[in-house]
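Given next are the chains, with one letter for each unit.
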Amino acid sequence: MSTATAAAPTRPGTVLADLLPASRVRDVALVAGGAALTGLAAQIAVPVPGSPVPVTGQTFAALLVGTALGARRGLLSLALYALAGLAGVPWFASGTSGVSVSFGYILGMMLASAAVGALARRGADRGVLRMAGTMLLGEAIIYAIGVPYLAYAADMSASAAIAAGLTPFLIGDAVKAVLAMGALPAAWKLADRR
């Protein structure tokens, strides 16, 4: 293997999805696959007592999709997920669809996916600490949109929305960040060995 070939996966501006041969078919498949992965992960849902928002795998999937696909494809993937769910595909948390009090988190996932994808293009997915920071920033974006939306849609005070839509999820988000800290840098190490 030549030095140029071995260095290609780590060149700046590359995300994991870019390691696949480039084509429109690839991009469409990645966008659809990212939406489907997010929909599947949303089915891992655990109710939280006192909260209309369950703990799901959906946020973790949305952030991984953005990081692996990059900002544009990540945003398109989460937009497809949101639009299909609004159209009736039952792949929001626990097999639901349509607008609910937790829809703001889905809107936040769209923006967060783009943000973490942009950071991944700058190499934020290549190291453990940078990846942790990237995931935590993505989670913060999701909450910055989801919690105020929850307060508005459920007619809650800000403190009630924080208690129901943020506080119960912090430990789980820390676990998700730890998983991502290992997963994406490890994927790059495998790609570099090829």
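In this report, we go over the structure that sits alongside the text. (Residues numbered from 1 in each chain as written. Predicted model: local features only at pLDDT ≥ 70, side-chain atom pairs only at ≥ 80, totals over all residues. Heavy atoms only, no water.)

### Regarding the pattern of salt bridges
This model, assessed by the stated rule, comprises seven salt bridges. One salt bridge connects R72 with D27, and the closest N-O pair in it is separated by 3.9 Å. In this pair, R72 sits in helix α4 (residues 71-86) while D27 sits in helix α2 (residues 24-41), placing the two residues 45 residues apart along the sequence. Residues D27 and R73 are paired through a salt bridge, measuring 2.9 Å at the closest nitrogen-oxygen approach. Of this pair, D27 sits in helix α2 while R73 sits in helix α4, and the two are 46 residues apart along the sequence. For D27, a relative accessible area of 16% corresponds to the buried category. A network of salt bridges, in which partner residues are shared, links D18, R26, D27, R72, R73 and R121. (Salt bridge = Lys/Arg side-chain N within 4 Å of Asp/Glu carboxyl O. Helix = DSSP H or I, 4+ residues; strand = E, 2+ residues; numbered from the N terminus. Buried < 20%, exposed > 50% of the residue type's maximum accessible area, 1.4 Å probe, protein only.)

### Some thoughts on the packing of helix α3 (residues 58-69) against helix α6 (residues 128-153)
Packing of α3 against α6 brings their axes to within 10 Å, and their N-to-C directions diverge by 120 degrees. Here α3 lies oblique to α6, going by the angle between them. As α3 runs across α6, the sense of the crossing is right-handed. Taken together, the residues of α6 that come into contact with α3 (itself represented by T59, L63, L64 and T67) are M131, M135, G138, E139 and I142. Tallied by class, the residues present in the contact of α3 with α6 amount to five nonpolar, three polar and one charged. (Axes fitted to C-alpha atoms, helices over the stretch in contact; angles between N-to-C directions. Parallel < 35°, antiparallel > 145°, perpendicular 65-115°, else oblique. Left-handed = near helix turned anticlockwise from the far one by under 90°. Contact = heavy atoms within 4.5 Å. Nonpolar A, V, L, I, M, F, W, Y, C, P; charged D, E, K, R; others polar.)

### Thoughts on the nonpolar core
Of all hydrophobic cores here, the largest spans 43 residues; its most connected members are L78, Y81, Y105, I106, M109 and M135. The set of elements that each furnish at least two residues to this core consists of α2, α3, α4, α5 (103-121), α6 and α8 (170-193). Once you skip the residues sitting within four places of it in the chain, M135 turns out to touch L63, L64, T67, A177, A180 and L184. (Core = buried A, V, L, I, M, F, W, Y, C linked by side-chain atoms within 4.5 Å.)

### Let's talk about the environment of G70
With respect to the secondary-structure elements, G70 resides in the loop between α3 and α4. It is 33 Å that separates the C-alpha atoms of G70 and A154, two residues lying 84 residues apart in sequence. Excluding residues within four positions of it along the chain, G70 makes contact with V15, V65 and G117.

### Remarks on the environment of L75
Here L75 shows up in helix α4. The class for L75 is partly exposed, based on a relative accessible area of 36%. Between the alpha carbons of L75 and G39 there is a distance of 15 Å; along the sequence they are 36 residues apart. What L75 contacts, discounting residues up to four positions off in sequence, is M110, S113 and A114.

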